[in-house]
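Notes for the structure review
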Amino acid sequence: GGIITQTPKFLIGQEGQKLTLKCQQNFNHDTMYWYRQDSGKGLRLIYYSITENDLQKGDLSEGYDASREKKSSFSLTVTSAQKNEMAVFLCASTPGQGGQAPLFGEGTRLSVL
Amino acid sequence: QQQVRQSSQSLTVWEGETAILNCSYENSAFDYFPWYQQFPGEGPALLIAIRSVSDKKEDGRFTIFFNKREKNLSLHIKDSQPGDSATYFCAASLNKVVFGTGTRLQVLP
């Protein structure tokens, strides 16, 4: 079976810092996603990509950049970390170009001091 | 606007009872409805899913009941176990997936 690996698992940043989160999948899936999870707010889509070098904005893209360097990897950059920000960032993938149920990684937990 | 709504933030049941988690949605064009289970410190895991052409989907102790006319669905967990204690997300999909805010289920022994 395949796996989605997110690194790092925990990330502590300083206010204003640029932070990069990485995701790798070995399912050979076409589409990859980045979601943000906040307590009580569910999962909100930040960016997704339907193929290598493609990038599509989600509902929460402001303050973030993303890059699909190759089919198996998708990275997310927090362009300027906000003080006291705490959230879990989840990477996911699906085999086609959307509509199927995404499979998720275990998440990167961000804390900003 | 919240396209997918889960009516309860939290639910507590006793071991052996049936837990019922409710979900409703706005867009009648949604055609696929996955439910996810998430334990603390882990990512959400796909639990069970239903297509809008069906009104029921069963997998072991987990059953989805779907009402297209009313635009709602529910997840029933029969014979609930303490190990079922987790957060459950309802989702809806057309060409991308929209998630509800989750229901935290606690099963007491």
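Reference entry: report on the structure contained in this document. (Residues numbered from 1 in each chain as written. Chains lettered and ligands numbered in written order. Predicted model: local features only at pLDDT ≥ 70, side-chain atom pairs only at ≥ 80, totals over all residues. Heavy atoms only, no water.)

1. Comments concerning the overall build of chain A
When its secondary structure is counted, chain A shows 0 helices and 11 strands. The dimensions of chain A, computed from C-alpha atoms along their principal axes, are 40 × 25 × 25 Å. Classification of the 113 residues of chain A by burial places 50% in the buried group. Counted over contacts in chain A with a minimum sequence separation of 6, partners at least 24 positions apart contribute 55%. (Helix = DSSP H or I, 4+ residues; strand = E, 2+ residues; numbered from the N terminus. Buried < 20%, exposed > 50% of the residue type's maximum accessible area, 1.4 Å probe, protein only. Contact = heavy atoms within 4.5 Å.)

2. Focus on the environment of Thr103 of chain B
Residue and element names in this part refer to chain B. Within the fold, Thr103 resides in strand E11 (residues 103–108). It is 8.8 Å that separates the C-alpha atoms of Thr103 and Asn22, two residues lying 81 residues apart in sequence. Other than its neighbours up to four places away in sequence, Thr103 contacts Gln6, Ser8, Gln9, Ser10, Leu11, Leu21, Ala86, Thr87 and Tyr88.

3. Quick look at the interface of chain B and chain A
Chain B puts 19 residues into the contact, and the matching count from chain A is 20 residues. Interface area, chain B with chain A, both sides summed: about 1,400 Å², of which 57% is carbon and sulfur. By the criterion of area lost to chain A, the three top residues of chain B are Pro44, Lys96 and Phe99 of chain B, representing 32% of everything that side buries. Across the chain B-chain A interface, the total number found is 0 salt bridges. (Buried area = accessible area lost by both parts, 1.4 Å probe. Salt bridge = Lys/Arg side-chain N within 4 Å of Asp/Glu carboxyl O.)

4. Brief notes about the pairing of strand E8 (residues 72–77) of chain B
Residue and element names in this part refer to chain B. Among the 6 residues of E8, 5 are classified as buried, and the element is accordingly described as predominantly covered. Of the strand pairs in this sheet, strand E3 (residues 19–25) and E8 are connected by 6 bridges, and their pairing is antiparallel. Across the sheet, residue Ile20 finds its bridge partner in E8, namely His76. Pairing of strand E7 (residues 62–67) with E8, which is carried by 6 bridges, proceeds in the antiparallel orientation. The residue bridging Asn67 from the neighbouring strand is Asn72, located in E8. The turn joining E7 and E8, which pair antiparallel and follow one another in sequence, is formed by 4 residues; a positive phi near 55° is taken by Lys71. (Pairing = 2+ DSSP bridges.)

5. Thoughts on the sheet that holds E7 of chain B
Residue and element names in this part refer to chain B. Across the sheet, 5 strands lie side by side as E1-E3-E8-E7-E6; this open sheet has antiparallel pairing. The open sheet has two free edges, formed respectively by strand E1 (4–6) and strand E6 (56–59), since each of these has just one partner strand. With direction set aside, neighbouring strand axes in the sheet form an average angle of 15°. (Axes fitted to C-alpha atoms, helices over the stretch in contact; angles between N-to-C directions.)

6. With respect to the side chain of Thr63 of chain B
All names here are of chain B. For Thr63, the location among the structural elements is in strand E7. For Thr63, a relative accessible area of 9% puts it in the buried group. Sequence-distant contacts of Thr63, that is, excluding residues within four places in its chain, are made with Ile48, Lys56, Lys57, Glu58, Ser74, Leu75 and His76.

7. Re the state of the cysteines
Residues and elements named next belong to chain B. Applying the stated criterion across every chain, the model contains 2 disulfides over all chains. Here Cys23 connects covalently by a disulfide to Cys90, the sulfurs 2.0 Å from one another. The sign of the -70° torsion about the S-S bond sets the Cys23-Cys90 disulfide as left-handed. Pair noted here: Cys23 is in strand E3 and Cys90 is in strand E9 (residues 86–93), with a separation of 67 residues, a long-range link. By relative accessible area, Cys90 is classed as buried at 1%. (Disulfide = S-S within 2.5 Å.)

8. Side note on the sheet that holds strand E7 (residues 64–70) of chain A
Sheets are built from strands that pair by backbone hydrogen bonding, the pairs being arranged parallel or antiparallel. Residue and element names in this part refer to chain A. One open sheet holds the 4 strands; their spatial order is E1-E3-E8-E7, and the pairing between them is antiparallel. A single partner strand is all that each edge strand has here, and the edge strands are strand E1 (4–7) and E7. Going from strand to strand, the sheet's axes swing by 15° on average, the running direction of each strand aside. Both E7 and strand E8 (residues 73–78) contribute to a ladder of 5 bridges, which runs antiparallel. Bridged to Lys70 within E8 is Ser73.

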